[in-house]
Amino acid sequence: MGRYKPKQNLRTTGNYHAKKQFGQNFLCDENIISTIVNTISPQDSATMVEIGPGLGALTEPVCERIKHLNVIEIDRDLADRLRHHPFIREQLTIYEEDALNFDFSKLKEENKPLRIYGNLPYNISTPLLFHLLSFGSMIQDMHFMLQKEVVDRLIAAPNTKDYGKLTIMGQYYCRMMPFLEVPPSSFTPSPKVDSAVIKIIPYDKKPYTAENEKLMNRIVAASFNQRRKTIANSMSEFLNADDFNALGLDPKLRAENITVEQYVRIANYISQREEQ
Ligand code: SAM
């Protein structure tokens, strides 16, 4: 399409000072940027959304490939820069808002999948992921740069230290496909930690369905709030010895030993018991 010449981008931080409170680490590695944009493979047939466009490292090359892009940026100065961007401003709808409170359903258009991506501010990535999970089925896919530690938690297996509430709720709603590790030197300023990019695909049809997802959330939260205790202790609000028996679950297990399928089974057992 070539609406702008990449060499003329406005991405150099120049005299712009990154704001720590907004988790601003700007991508500056062109190889990493192309790999991410190629993997996202933006298309006009979808409603595309970028969270935290910043100085436009991903925004500019994405706008080379599609006609229109929605961006959500909390920083007034950066939103303003994008409003005045010489090459892509007319392609953007800019929401100067906090992504944590953003109602993503308002972007959903009929017969168009919603696709979301971003190099997420690390300080809010976990609550933001939980917020996005609540829009699950209306989103086709998400590509996010995250702290590597958060990606490790999203893809963790049971019986490991990374396995927790984010793992279980994430894997309950979505398929997780990590695809790239990114060193601190790929950003300005460099973060202190490694990063990784993951593709997250909400299931059309979940492998296991909880009848009451809020209840499942509460059970998972209660068991990981006391992750060192046995589930007999941490789930005592929900299950007694007979219940463990009926479920065929060893009450001496701990939160991290329970699979997603077992959490769903526990939640459905309690829902059905409450209905009786
Ligand atoms: N996409 C750019 C890049 O890759 O260079 C910037 C990434 S930087 C890690 C995170 C961006 O998210 C910043 O532009 C920051 O201002 C923005 N941001 C931080 N908190 C936000 C929030 N709650 N809602 C929307 N944007 C936010």
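Values in this document were obtained by computation on a predicted structure and should not be read as measured data.

### Overview of the site of the ligand
Phase 1: Around the ligand sit 22 residues in total, of which L27, G52, E73, D98 and N119 are the nearest.
Phase 2: Between the ligand and G54 there is a distance of 3.3 Å, counted from an oxygen atom to a backbone nitrogen or oxygen.
Phase 3: Take E73: an N or O atom from its side chain is 2.6 Å from an oxygen atom of the ligand.
Phase 4: Protein contacts shield 98% of the accessible area of the ligand, which totals 590 Å² for the unbound molecule.
Phase 5: For the shell around the ligand, the class distribution of residues is eleven nonpolar, six polar and five charged.

### Some thoughts on the domain arrangement of the protein chain
Phase 1: What the domain assignment lists for the protein chain is domain 1 (20-202) and domain 2 (213-275).
Phase 2: Just the C-alpha atoms count here: the centres of domain 1 and domain 2 sit 33 Å apart.
Phase 3: If you look at the interface, domain 1 gives twelve residues, while domain 2 gives 15 residues.
Phase 4: For the pairing of domain 1 and domain 2, the buried interface totals around 1,100 Å² over both sides, and the portion due to carbon and sulfur atoms is 63%.
Phase 5: For the pair domain 1 and domain 2, the interface holds seven residue pairs in polar contact (both at pLDDT 80 or more).
Phase 6: Along the lines of polarity and charge, the residues of the side of domain 1 that touches domain 2 split into six nonpolar, four polar and two charged.

### A word on the packing of aromatic side chains
Phase 1: Inspection of every chain in the model, using the stated rule, returns seven aromatic pairs.
Phase 2: Considering the side-chain rings of Y95 and F102, the 5.2 Å spacing of their centres and the 75° angle between planes classify their relative orientation as edge-to-face. Each member of the pair, Y95 together with F102, is buried.
Phase 3: Ring geometry for F224 versus Y263: centroids 6.3 Å apart, planes at 35°, classification tilted. With F224 in helix α7 (residues 213-225) and Y263 in helix α10 (residues 260-275), the pair connects residues that are 39 residues apart, well separated along the chain.

### Re unusual backbone geometry
Phase 1: Note that the residue after T188, namely P189, is joined by a cis bond; omega there is -15°.
Phase 2: Its identity as a non-glycine residue notwithstanding, N159 has a phi of 70°, on the positive side.
Phase 3: Examined against the element boundaries, N159 turns out to sit in the loop between α5 (148-154) and α6 (165-173).

### Here's the deal with helix α1 (residues 30-40)
Phase 1: Listing the buried residues of α1 in full gives I32, I33, I36, V37 and I40. What you see down the axis of α1 is that its buried residues fit within an arc of 125°, all on one side.
Phase 2: At the N-terminal end of α1, a side-chain oxygen is found 3.0 Å from the backbone nitrogen of N31, two or three residues along, and the residue is D29.
Phase 3: Following α1 by one or two positions, S41 adopts a phi angle in the positive range, close to 50°.

### A few points about the packing of helix α4 (residues 125-133) against α6
Phase 1: Viewed as axis vectors pointing N to C, α4 and α6 meet at an angle of 30°, and their least axial separation amounts to 11 Å. The pairing of α4 with α6 is recorded here as roughly parallel in orientation. Handedness of the crossing formed by α4 with α6: left-handed. In this structure, α4 uses T126, L129, F130 and L133 to contact α6, whose residues at the interface are K165, L166, M169, G170 and Y173.
Phase 2: Among the residues making up the contact of α4 with α6, the classes are represented as six nonpolar, two polar and one charged.

### Focus: the pairing of strand β9 (residues 195-202)
Phase 1: When you tally the buried positions in β9, you get seven out of eight residues, the bulk of the element.
Phase 2: In the sheet, strand β6 (residues 139-147) pairs with β9 via six bridges, with the strands oriented antiparallel. Paired with L146 across the strands is A196, a residue of β9.
Phase 3: With eight bridges connecting them, strand β7 (residues 174-182) and β9 associate as antiparallel partners.

Basis of the calculations
- All chains use their own residue numbering, which begins from 1 and follows the written sequence.
- Local features in this predicted model are restricted to residues of pLDDT 70 or higher, and side-chain atom pairs are both shown and tallied only at a pLDDT of 80 or more, whereas totals for entire chains, interfaces and linings draw on every residue.
- Only heavy atoms go into the side-chain values, all of them from the structure, while hydrogens and water stay out.
- Here a residue counts as near a molecule or strand whenever at least one of its heavy atoms sits within 4 Å of it.
- Counted as a polar contact is a pair of N or O atoms within 3.5 Å, where, for protein atoms, one must be capable of donating a hydrogen and the other of accepting one, and residues adjacent in sequence contribute only when both atoms are in side chains.
- Only the protein chains shown count as cover for residues, and all accessible areas are computed by the Shrake-Rupley method using a 1.4 Å probe.
- Basically, the charged four are Asp, Glu, Lys and Arg, the nonpolar ten are Ala, Val, Leu, Ile, Met, Phe, Trp, Tyr, Cys and Pro, and anything else, Gly included, counts as polar.
- In this entry, domain limits derive from an automatic or database-based domain assignment.
- Any two residues whose heavy atoms approach within 4.5 Å are treated as being in contact.
- Note on definitions: buried area is the accessible-area loss of two parts on being combined, 1.4 Å probe, summed for both.
- For Phe, Tyr and Trp, where Trp contributes only its six-membered ring, two rings pair if their centres lie within 6.5 Å, and the inter-plane angle classes them as stacked under 30 degrees, edge-to-face over 60, or tilted in between.
- Partly exposed describes any residue whose relative accessible area lies between the buried limit of under 20% and the exposed limit of over 50%, with all areas from a 1.4 Å probe on protein chains only and scaled to the type maximum.
- Helix and strand assignments come from DSSP, with helices taken as H or I runs of at least 4 residues and strands as E runs of at least 2, each series counted from the N terminus.
- The arc in question is traced by the directions running from the helix axis to the C-beta atoms.
- Structural elements are reduced to axes, namely lines fitted to C-alpha atoms, with helices fitted over the stretch in contact, and the angle between N-to-C directions of any two is expressed from 0 to 180 degrees.
- An angle below 35 degrees is treated as roughly parallel, one above 145 as roughly antiparallel, one from 65 to 115 as roughly perpendicular, and anything else as oblique.
- By definition, any crossing whose near helix is turned counterclockwise from its far helix by less than a right angle is left-handed, and any crossing with a clockwise turn is right-handed.
- Think of it this way: DSSP has to see at least two bridges between two strands before they count as a pair.

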